Amino acid sequence: MRCIIFNRVASFCRKVLNRDSSTLVTEDLTLQIFQRQEHGISRKDISENALKVLYRLNKAGFDAYLVGGGVRDLLLHKQPKDFDIATNATPEEIKKLFRNCRLIGRRFRLAHILFGRDIIEVATFRGHHADTKPSIQNKQQVASQNQEGMLLRDNVYGTIDEDAERRDFTINALYYSIKDFTVNDYANGVHDLENRIIRLIGDPETRYREDPVRMLRAVRFAAKLDMEIESKTAAPIHQLANLLQDIPSARLFEESLKLLQSGNGLATYKLMREYNLFQQLFPLLSEHFTEDHSSQTEQMIEHILAATDKRIVEEKRVNPAFMYAAMLWYPMVTRAEEISITSGLSYYDAFMVASNDVLDEQVKSIAIPRRFTTTVRDIWQQQMRFSRRSGKRAYKALEHPKFRAAYDFLEMRGNFESENIAELANWWNEFQSADRNRRGKMVQLINDESGQRRRRRPQRRKKPQVKSSS
């Protein structure tokens, strides 16, 4: 792809605070502008609602650009999942222009323009956060960091040049202008797209400390776009992975869905394991990992992620609860066995205790919402009930609202556990598809077998009563 490079060089002062000192790092970046005939992006490929926002901001006298992943995906001839916009209008100015706007975010203020279920996210150009203090006129411009360098507040507005520097990866520092249909490339992002490279803008360690989630994004983009993480960008990840423990668990839940339920879950998981990232999100699972990835837990994780990827490709619905139930199943079973042995509880009671323990422990790292943890418990508890089929129990199990998910889970277990589990899954498969008469015969057969087992059980001989002598 040939490009026109303007003679002017945008000399940006990257005010990124060095972790070891307060020295400012200065870096010169060359702005490259790709004309309409050079990049191939067409307005027909852009969301109609995104175009409405762009045109209205421009008409009101503001600069507005389609930015980041939307531009990146269009250049790669992929359909963007969403369209984000960057502008020099403040959130309050945006809200005045759009009645269907709501302002969100504390760490960085954003505007969401609502078109039914379609949400167009609009962000004000970010400025440098170092040495910035709120002015009397604009007290909302606040930036703060903790001792490790993580950004706690980042409401500092700037120019498009500064905004480009604040972007995380070169392939996301791309701006599409609706005014002249050009693509503005501030960080050699088009070159990295062509060479399939994931590269951070700025010093990797400093950028990761500002926001540790960037490590997850690097891995997610590499898996999603089938690219390689540049060596300097990859180098600090393994060492800094534990910084993810400082990220709010609610944010990590959202990130876990992007990582594992976006169609590239298996490839993402393998990269996360390589860089010690998966272990930070699922510390319970890491206790069951082996060098050759051969444990039941690891086999189950790979199986469920491959199945999830397949369903997404086929545009079928996926439920996060089912994925979490599968991933945490064997750690929960192991915990139940330990509790049963050490406490003397029945296995059923130990199973219930272990279910609560494992989920309570997991939500400390990833805040899985209650609506999903409730479903996980239902799926797990049904596994205990599937073997109880006598009397009316089989019919009651069939009426359970989570029967189908629980049955699918039982069938999946048959791939990794004893033949008895596979046979049990086959029985339930036949039972749920059988007519009323056939179901009755199947249950009667179970009743007969249960009766035979009870009759075979030897009766205890009563001890003779000793007559008391008068």
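- Looking at an unreviewed UniProt entry, one finds the protein chain named Poly(A) polymerase I, with Photobacterium chitinilyticum as its source organism.
- Per UniProt, the comment on the protein chain under Catalytic activity (unreviewed entry) is "RNA(n) + ATP = RNA(n)-3'-adenine ribonucleotide + diphosphate".

## Observations concerning the nonpolar core
Part 1: Counting 105 residues, the largest nonpolar core has Leu277, Phe278 and Trp380 as the members making the most contacts within it.
Part 2: A total of 14 residues in this core trace back to one element, the largest contributor, which is helix H16 (residues 320-343).
Part 3: With near-sequence residues (within four places) excluded, Leu277 lies in contact with Met215, Leu216, Val219, Ile237, Ala241, Leu244 and Met272.
Part 4: Core analysis: the next-biggest nonpolar cluster, separate from the first, contains 17 residues, Phe403, Tyr407, Leu410 and Ile421 among them.

## Concerning the confidence of the model for the protein chain
Part 1: Averaged over every residue, the pLDDT of the protein chain is 86; the share at 70 or more is 84%.
Part 2: This model gives residues 2-27 a pLDDT under 50, and the stretch forms 59 contacts once residues within four places in sequence are excluded.
Part 3: Below a pLDDT of 50 lies the segment residues 131-141, which in the model reaches 11 contacts outside its immediate sequence neighbourhood of four places, other chains included.

## Examining helix H15 (residues 296-313)
Part 1: In a regular helix each residue adds 1.5 Å, so 18 residues correspond to 26 Å; H15 covers 26 Å between its end C-alpha atoms and thus fits that length.
Part 2: Of all the residues in H15, the buried ones are Thr297, Glu298, Met300, Ile301, Ile304, Leu305, Thr308 and Asp309. Take H15 and look down its axis: the buried residues cluster within an arc of 165°, on one side only. Exposed side of H15, more than 90 degrees from the buried face: Lys310 and Val313 are the residues found there.
Part 3: Positive backbone phi, at 60°, marks Glu315, one or two positions downstream of H15.

## Side note on a positive patch on the surface
Part 1: On the surface, Arg385, Arg388, Lys392, Arg393 and Lys396 cluster together into a positively charged patch.
Part 2: On the basis of relative accessible area, Arg393 is assigned to the partly exposed category, the value being 48%.

## A short note on the packing of H16 against helix H17 (residues 347-362)
Part 1: With their axes 8 Å apart at the nearest point, H16 and H17 run at an angle of 130° to one another. Taken together, the axes of H16 and H17 lie oblique to each other. Judged by the sense of rotation from one axis to the other, the crossing of H16 with H17 is right-handed. Counting all contacts with H16, which are made through Leu328, Trp329, Pro331, Met332, Val333, Arg335, Ala336, Glu337, Ile339 and Ser340, the residues of H17 involved are Tyr347, Ala350, Phe351, Val353, Ala354, Ser355, Asp357, Val358, Leu359, Glu361 and Gln362.
Part 2: Broken down by class, the residue content of the contact of H16 with H17 amounts to 14 nonpolar, 3 polar and 4 charged.

## Concerning the pattern of salt bridges
Any two side chains of opposite charge can pair if their charged atoms end up close together.
Part 1: Following the criterion strictly, the structure yields 19 salt bridges and no others.
Part 2: Two residues, Arg199 and Asp192, come together in a salt bridge whose shortest N-O distance is 3.0 Å.
Part 3: The class of Asp192 is buried, set by a relative accessible area of 1%.
Part 4: Residue Glu417 is joined to Arg413 by a salt bridge in which the shortest nitrogen-to-oxygen separation is 2.9 Å.
Part 5: Taking relative accessible area as the criterion, Glu417 reaches 23% and is therefore assigned partly exposed.
Part 6: What emerges from the salt-bridge pattern is a single network uniting Arg72, Asp73 and Lys224.

## Some details on the packing of aromatic side chains
Part 1: Tallying each qualifying case throughout the model produces 22 aromatic pairs.
Part 2: Where Phe278 meets Phe282, the ring centres are 4.7 Å apart and the plane angle is 25°; that geometry is what we call stacked.
Part 3: A residue is classified by how much of its surface remains accessible, and Phe278, at 0% relative accessible area, is buried.
Part 4: Take Phe282: its relative accessible area is 1%, and that puts it in the buried class.
Part 5: With a centroid separation of 4.9 Å and an interplanar angle of 10°, the aromatic rings of Trp427 and Phe431 are classed as stacked.

## A closer look at the environment of Arg251
Part 1: Within the secondary structure, Arg251 is located in helix H11 (residues 249-260).
Part 2: Owing to a relative accessible area of 28%, Arg251 belongs among the partly exposed residues under this scheme.
Part 3: A C-alpha to C-alpha distance of 9.9 Å links Arg251 and Ser365, two positions 114 residues apart in sequence.
Part 4: When neighbours within four sequence positions are excluded, Arg251 is seen to be in contact with Asp211 and Val213.

Cut-off values and rules
Each chain carries its own residue numbering, running from 1 in the direction its sequence is written. Whole-chain, interface and lining totals are the exception, using all residues; otherwise, since this is a predicted model, local features are given only for residues with pLDDT of at least 70 and side-chain atom pairs are given and counted only at 80 or more. Side-chain numbers come from the whole structure's heavy atoms, not from hydrogens or water. UniProt positions are given in the numbering used here, feature names are shortened, and annotations may be inferred rather than shown by experiment. Only buried Ala, Val, Leu, Ile, Met, Phe, Trp, Tyr and Cys residues count toward a nonpolar core, and they belong to the same one when joined by side-chain atoms within 4.5 Å. The rule is simple: take the accessible area with a 1.4 Å probe, protein chains only, and divide by the maximum for that residue type; under 20% is buried, over 50% is exposed, in between is partly exposed. To qualify as a helix, a DSSP run of H or I must reach at least 4 residues; to qualify as a strand, a run of E must reach at least 2; elements of each kind are numbered from the N terminus. A contact between two residues is defined here by any heavy atoms of the two lying within 4.5 Å. The predictor reports its confidence for every residue as pLDDT, a score running from 0 up to 100. One less than the residue count of a helix, multiplied by 1.5 Å, gives the span that helix is expected to have. This arc corresponds to the set of directions leading from the helix axis out to the C-beta atoms. Patch membership requires more than 30% relative accessible area and the absence of a salt bridge. Residues of like charge join within 9 Å; the nonpolar side chains Val, Leu, Ile, Met, Phe, Trp and Tyr join within 5 Å. Note on areas: Shrake-Rupley, 1.4 Å probe, and residue coverage restricted to the protein chains presented here. A pair is scored as a salt bridge if a Lys or Arg side-chain nitrogen falls within 4 Å of a carboxyl oxygen belonging to Asp or Glu. When charges are counted, Lys and Arg contribute as positive and Asp and Glu as negative, whereas His and the chain ends are disregarded. For charged residues, the charge sits on one atom: NZ in Lys, CZ in Arg, CG in Asp, CD in Glu. To obtain each axis, a line is fitted to C-alpha atoms, and for helices this fit is confined to the stretch in contact; angles are then taken between N-to-C directions over 0 to 180 degrees. Note on angle classes: values under 35 degrees are labelled roughly parallel, values over 145 roughly antiparallel, values of 65 to 115 roughly perpendicular, and the remainder oblique. A crossing counts as left-handed when the near helix is turned anticlockwise from the far one by less than a right angle, and as right-handed when that turn is clockwise. Three classes are used: nonpolar for Ala, Val, Leu, Ile, Met, Phe, Trp, Tyr, Cys and Pro, charged for Asp, Glu, Lys and Arg, and polar for all others, with Gly counted as polar. A pair of Phe, Tyr and Trp rings is counted when the ring centres sit within 6.5 Å of each other, with Trp represented by its six-membered ring. The angle between the planes then sorts it: under 30 degrees is stacked, over 60 is edge-to-face, the rest tilted.

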